[in-house]
Amino acid sequence: MKPPLKNPASLLLLAAFSGAGEAVLFGPHPVLCGSAQAQSFNIIDFPGTRNSILRGLSADGSAAAGSFTPLGQSWSRAYRWSATAGFEALVDATAPQDHDNYGISGDGSATVGVAFYLGEFGHAYRYRGPGTYERLSENIPNHLGSSAFGSNHDGSVVVGGIGQRLSATETRTQAVRWNADGSVTQLGFTAYGSSYANAISRDGSTVVGNNDGFYQDAFRYTDAGGIQRLPNLLGNRSGSNVAIGVSGNGQFIVGNSNDRAVVWHDNTVTELRLSNGDRAYASPEAVSDDGSVLAGALFVDSDYVAGVWTAATQFIPLTDYLLSYGIQVPSNFITQEVVALSADGRTFAGNGYFQGRSDNVRGFVVTVPTPSSVLVVLIPFVLAPRRRRVIL
């Protein structure tokens, strides 16, 4: 492993919390880096934590959001990370102790997620910095808690789900959009059960998600068209179909159809494969604005690894992709998934673990050079197809 970065801007400060909720700062803790001189492989590894999981990335790749679990604790606390500011935990007197970031706005100014109050259901929130914690409205009939999973560019529009009690024996979750004016738009139940909004485009035009019922359909929602089922790869209603991520302009949607990696564009579904043409048992979770780079998780040798798809490479492990740009992932770190991409497809945010410590998940952020500044050598990759189950 290469020596830590010495630039003060790369130093992390860990906010640990006392029982009284006071922030105690520890540091500095250096970011780990790879072998590329102009680029770095940043591992979000905070002392005193069991996990530090990443779940979102700003459009320019400069800020990321996630949650950490202190050692010996079962609760989580949300954080924001950037190469310049380091680590910033959610600190607010009105926030409960247990909360998780699930998304970050395109401009990096706001994070969204789920907070857990003692004896209550989880509740969706938005956070822009100390003193700004906001519990989002659940102003729909018979609500039973809520979750926020994504936002538009400036954080003014948020998507997720609100639980509802429909009768004495039936409860469902409905996909919703929290609007800039504070109102809540119910996106509607699907024909076969609950609906979940997983992501929203940065321009706010397109919400994507899935239902959870007898048939699991992926859907797209727009104000003009309402909630619409996305085409199934097999042409029928069968298997698992999930829309997980969407490009900034809403033109490209990625996810799974019948346990196969797919991209939807112009209401057409296309299967993504390996470089040898075999089926890719993968789960793409993010896509660049122009649809040229997709990333997620790839099933390799009985385990999950972070994967990248481009037209030139098809689906390959992230480590091979980075190596083609001269970026070496530390040899003792296993990349498991990519959860977010920058708008230009050059910065990847995801999660992994150090060898022998698979129960201690760590987030990572890495940026590749622009194609014109490096000679990319494509690495052949052959994989025996294996089955992957998508876990939501």
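Cut-offs and rules
- Residues numbered from 1 in each chain as written.
- Predicted model: local features only at pLDDT ≥ 70, side-chain atom pairs only at ≥ 80, totals over all residues.
- Heavy atoms only, no water.
- Helix = DSSP H or I, 4+ residues; strand = E, 2+ residues; numbered from the N terminus.
- Buried < 20%, exposed > 50% of the residue type's maximum accessible area, 1.4 Å probe, protein only.
- Contact = heavy atoms within 4.5 Å.
- Areas by Shrake-Rupley, 256 points an atom, 1.4 Å probe, with all protein chains shown as cover.
- Core = buried A, V, L, I, M, F, W, Y, C linked by side-chain atoms within 4.5 Å.
- pLDDT = per-residue confidence, 0-100.
- Pairing = 2+ DSSP bridges.
- Phe/Tyr/Trp six-rings, centres within 6.5 Å; stacked < 30°, edge-to-face > 60°.
- Lys NZ or Arg CZ within 6 Å of the ring centre and 35° of its normal.
- Axes fitted to C-alpha atoms, helices over the stretch in contact; angles between N-to-C directions.

Asker: What is the right way to look at the overall build of the protein in this model?
Answerer: On a plain count of helices and strands, the protein comes out with one helix and 30 strands. For the protein, buried positions account for 56% of its 392 residues. Within the protein, contacts between residues at least 6 apart in sequence are counted, and of these 45% link residues at least 24 apart. In the structure as shown, the protein presents an accessible area of about 16200 Å², 51% of it carried by carbon and sulfur atoms.

Asker: Just to check I follow, could you spell out the nonpolar core for this structure?
Answerer: Side chains of a nonpolar character, in soluble globular proteins, are inclined to be buried together. Residues Phe 41, Leu 318, Leu 322 and Phe 348 are the most contacted members of the largest nonpolar core, which totals 22 residues. When near neighbours in sequence (up to four residues on either side) are disregarded, Phe 348 contacts Val 293, Ala 295, Val 308, Leu 318, Tyr 321, Val 338, Ala 340, Leu 341, Phe 364, Val 365, Val 366 and Val 368.

Asker: Even after reading the chapter, I still don't get the confidence of the model for the protein, so can you show me in this structure?
Answerer: In the predicted model, the protein carries a mean pLDDT of 82, and 83% of its residues have values of at least 70. Taken element by element, the protein is modelled with least confidence in strand β1 (residues 11-17), mean pLDDT 25, and with most confidence in strand β28 (residues 333-341), mean pLDDT 97. Contacts of residues 1-38 to residues separated by more than four positions or lying in other chains number 77 contacts, the stretch itself having pLDDT below 50. Across residues 373-392 the pLDDT falls below 50, and counting only partners more than four positions away or on other chains, this stretch makes 49 contacts in the model.

Asker: When you look at the pairing of strand β29 (residues 347-354) in this model, what are you seeing that I'm missing?
Answerer: The side chains of a regular strand alternate, first on one face of the sheet and then on the other. Counting buried positions along β29 gives eight out of eight residues, so the element sits mostly inside the fold. Burial along β29 is two-sided: the face carrying Thr 347, Ala 349, Asn 351 and Tyr 353 and the face carrying Phe 348, Gly 350, Gly 352 and Phe 354 are both buried. The hairpin formed by β28 and β29 contains five residues between the paired strands, and Gly 345 there has a positive phi angle of roughly 75°. Here β29 pairs with strand β30 (residues 362-367) via six bridges, running antiparallel. By the bridge assignment, Gly 350 is partnered in β30 with Phe 364.

Asker: Honestly, the pairing of strand β20 (residues 241-246) in this entry has me stumped. Any pointers?
Answerer: Counted residue by residue, β20 has six buried out of six residues, so it is predominantly covered. Hairpin geometry of β20 and strand β21 (residues 252-257) is characterised by an intervening segment of five residues between the two adjacent antiparallel strands and by a positive phi of about 80° at Gly 250.

Asker: In this structure, what is going on with the packing of aromatic side chains? I would like to understand it.
Answerer: Two measures describe an aromatic ring pair: the distance that separates the ring centres and the angle between the ring planes. Tallying each qualifying case throughout the model produces twelve aromatic pairs. Relative to Phe 87, the ring of Phe 68 has its centre 5.5 Å away and its plane inclined at 65°; by these criteria the two rings are edge-to-face. Here Phe 87 lies in strand β7 (residues 86-89) and Phe 68 lies in strand β5 (residues 63-70), a separation of 19 residues in the sequence. Assessed through its relative accessible area of 6%, Phe 87 is described here as buried. Through pairs of rings, three or more aromatic residues link up here, namely Phe 41, Phe 333, Phe 354 and Phe 364. Between the NZ or CZ atom of Arg 55 and the centre of the ring of Tyr 102, over which it lies, the distance is 4.4 Å. In this structure, Arg 135 is placed above the aromatic ring of Tyr 117, and the distance from its NZ or CZ to the ring centre is 5.0 Å.

Asker: I'm lost on the sheet that holds strand β27 (residues 314-317) in this one. Help?
Answerer: Across a sheet, strands are paired by hydrogen bonds formed along the backbone, either parallel or antiparallel in direction. Overall, antiparallel pairing links the four strands, which are arranged β24-β25-β26-β27 in an open sheet. Of all strands in the sheet, those with a lone pairing partner are β24 (282-287) and β27, marking the two edges. Pairwise comparison of adjacent strand axes, ignoring direction, gives a mean angle of 35° for this sheet.

Asker: I'm lost on the sheet that holds strand β19 (residues 226-229) in this one. Help?
Answerer: If you trace the four strands from one edge of the open sheet to the other, you get β16-β17-β18-β19, paired in antiparallel fashion. Single-partner strands in this sheet number two, and they are β16 (193-200) and β19. The mean inter-strand angle of the sheet, taken between neighbouring strand axes irrespective of direction, is 30°. The pairing of strand β18 (residues 218-222) with β19 spans four bridges and is classified as antiparallel. Across the sheet, Tyr 221 pairs through a bridge with Ile 227, a residue of β19.

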